[in-house]
Structures are given as structure tokens and as C-alpha cells.
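Working through the structure, step by step
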Amino acid sequence: MNANPLRPVESTDVETFDRDGVVFLPGMFDREWIELLRAGLETNRAHPTTRSRIWDRDAEGRTMFYDSQAWQGVDEYREFVFESPAAKIAADLMRATTVNFFFDAVFVRSPGTQFSTPWHQDEPYWSVDGFNTCSIWMPLVPVAAKNALSFVPRSHRSATVFDQYNFGDLNPDGQSAVDMVDFGAIAEDEFPDIDADPERWGVVNWDMEPGDCIAFNSRMMHGGSGQLPDDVGLEVFTTKWLGDDVSVIFRECGMDPDHTEVMKAAGLKPGDRPEGELYPRILTR
Ligand SMILES: O=C(O)CCC(=O)C(=O)O
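In this report, the structure presented in the accompanying data block is examined. (Residues numbered from 1 in each chain as written. Predicted model: local features only at pLDDT ≥ 70, side-chain atom pairs only at ≥ 80, totals over all residues.)

1. A look at the overall build of the protein
Within the protein, the regular secondary structure consists of six helices and 15 strands. At 18 Å, the protein has a C-alpha radius of gyration in line with the 19 Å of a compact globule built from 285 residues. C-alpha extents for the protein along the principal axes are approximately 50 × 45 × 40 Å. Within the protein, the fraction of its 285 residues that count as buried is 44%. Within the protein, contacts between residues separated by at least 24 positions form 84% of all contacts whose residues are at least 6 apart in sequence. (Helix = DSSP H or I, 4+ residues; strand = E, 2+ residues; numbered from the N terminus. Rg over C-alpha atoms; globule rule 2.2 N^0.38 Å. Buried ≥ 20, exposed ≤ 12 C-beta atoms within 10 Å, placed from the backbone. Contact = placed C-beta atoms within 7 Å.)

What follows is the structure, encoded as C-alpha cells:
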């Protein structure tokens, strides 16, 4: 397996990530990594974690499956986290001296699924706080731009606290113990209706092949994906990486995924650097 990206992260990629908060990186991971992740996804689907659930099931039975932090039980994911080029890519883009792994998440849409992920920012939901974060979104199958995740460039620099979507509402099976958020009390503004005028917001997305990835600052506004043709499915593996300024926070508005209990059990408290077995330090420079 290739521990380095198939091409180096260029200084222009670093500038784009810093300026726009998102950068498209074609051809970074070789086929072996993609095959490993596809094998991992099969294991993950067969043995989902307690955090997994169907986010959407339509009248035809088409589904969007979600799971997160499965890496501890899926050897293929674990190998990807520790050995793949992902941590290096994140470190380069964040210009980080230290990179810890936060968690993995998968988003699997069966063929023809129309469900689109609501627009949101990630970091306001998390049990960590900081600007230097990097999410790597990797499709394991080809995806057309109009069906891929979309982004509002430069939105990572917005200081406004938006009323974020409660993903706990995506629970058609009425699963118990689903993480909930309520940003109502702290929100300064409604989340903008990006779909009403994507051009005004400068929305970007890309045609992607397996091996390509999108790296984005976790404060970016992103959403979409889905609206798939009848015979096309979408399997996406994502990893979330923590750079130098990130520390533990427990938010009163709720968290998703909420790591409070596992963090407390690991002896982590607000202000601490997320470290240890749960949040392994993958790279130091
Ligand atoms: O792929 C999707 O539909 C959602 C992905 C997402 O929101 C994320 O990776 O943060």
C-alpha cells in the first residue's frame, strides 16, 4: 500500500484550502486503498456500530445509510487511518505540526436515492472546538458533480452562529439514543437557504472518480449529494482530522456525534487536546 499520496499536495492546494476552505484533490489514493475501504465498508454494513442508522428510506425502499467511528471495529478502516496518505494530506493542508484522528463516517446511498444531505457546518456539532480541522470526503465509486457533496467557498471564515439542522430528526426507524442538537438558544441567524440561489453563494462540486478526494475545513457550509439516477448508487468514506488549535468542548446545545461520555471515560475534559486511544496522534512534524 502506498503511504504517500499519488501526487504531492501542491502549495496552490494549500492556498486554496486556506482561502476557500475546500479543495478538490484528484488522483490521490491508489486502487488498493479504495479496494481496502470497499472491503471495510462491507464489514461495516454487516456489523454496523450502535451509532449507525438509516437517515432516509423512501417509498421505493431506497436508503441512505450512515455510520460513524466504526474504525475501532473495522480493521480495514483502522489500517486506512494509521497507514494511508490521508493524515499527511490533512497535515499539509492545515500546515499542522500535529494531526490527531477524530473519527470516520460513511454515507451510503442505494441506487436512485434522491435524499440530499441538509446544508450544515460540521465543527459546530462536534465535541471539539478549533479552526484547524480537515475532513476528507472520498467516493468509493464514480460520482457526477451534481450528485456529489457541494460547498460554499469561504464560508469557513463566517463568524455567525447559525441555527444548524438537527440530524437526529433523520430517524425513520425511530431508533433510540440518537444524538440531538438544538442550536435555537445560541443561534444568531437562520441557516441560509443555499439551494434557493446556489449561484449567488458560488456553490462548488466536482465530478469524481475513486482515488479523488475533497478536503474541507469543517466550518465549511456543505450539503447536497444524492438526487441519483435510478441505476447509480453512492458509497462515500470520510475521515475527520484535527490540527494544532483543537481542544475538547462539551456544548450545551448538544453534539452530533456526541463524544462526551467516551471522552469523560477516557479522562478528557474541556480544553484538553483530544489524544489517546480514541483520538490517536497519527503524525507529528
Ligand atoms: O456525503 C454526504 O451526504 C454528507 C457528508 C458530510 O456531511 C460530511 O462528510 O461532513
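From this point on, the discussion continues.
2. Description of the site of the ligand
In the vicinity of the ligand, the contacting residues are A105, F107, T117, D122, S135, W137, L149, H222, S225, V236 and T238. Every element with two or more residues in the shell around the ligand is listed here: β4 (98-109), β7 (133-139) and β13 (234-242). Looking at the shell around the ligand residue by residue, the classes come out as five nonpolar, five polar and one charged. (Near = placed C-beta within 6 Å. Nonpolar A, V, L, I, M, F, W, Y, C, P; charged D, E, K, R; others polar.)

3. Observations regarding the nonpolar core
Grouped together as the largest cluster of nonpolar side chains are 73 residues, with contacts concentrated most on I89, A90, L93, I136, C213 and A215. The greatest single-element share of this core, amounting to eight residues, is contributed by β4. Here A90 is in contact with V99, C134, I136, A215 and W241, once residues within four sequence places are set aside. (Core = buried A, V, L, I, M, F, W, Y, C linked by C-beta atoms within 7 Å.)

4. Section: the sheet that holds strand β8 (residues 149-152)
The strand order across the open sheet built from three strands is β5-β12-β8, with neighbouring strands paired in antiparallel fashion. Lying at the two open borders of the sheet, with one neighbouring strand each, are β5 (117-120) and β8. Averaged over all pairs of adjacent strands, the angle between strand axes in this sheet comes to 20°, irrespective of strand direction. (Pairing = 2+ DSSP bridges. Axes fitted to C-alpha atoms, helices over the stretch in contact; angles between N-to-C directions.)

5. Regarding the pairing of β4
In terms of burial, β4 is largely enclosed, as 11 of its 12 residues are buried. Where strand β3 (residues 63-68) meets β4, five bridges bridge the pair, whose relative direction is antiparallel. In the sheet register, F65 faces β4, and the bridge partner there is V108. Looking at chain direction, β4 and strand β15 (residues 281-284) are connected through three bridges and run antiparallel.

6. Re the environment of R281
When you line up the elements, R281 lands in strand β15. The class for R281 is partly exposed, based on 15 C-beta atoms found within 10 Å. C-alpha separation for the pair R281 and F151, spaced 130 residues apart in sequence, amounts to 28 Å. Not counting residues within four places of it along the chain, the set of residues in contact with R281 comprises T98, N100 and E275.

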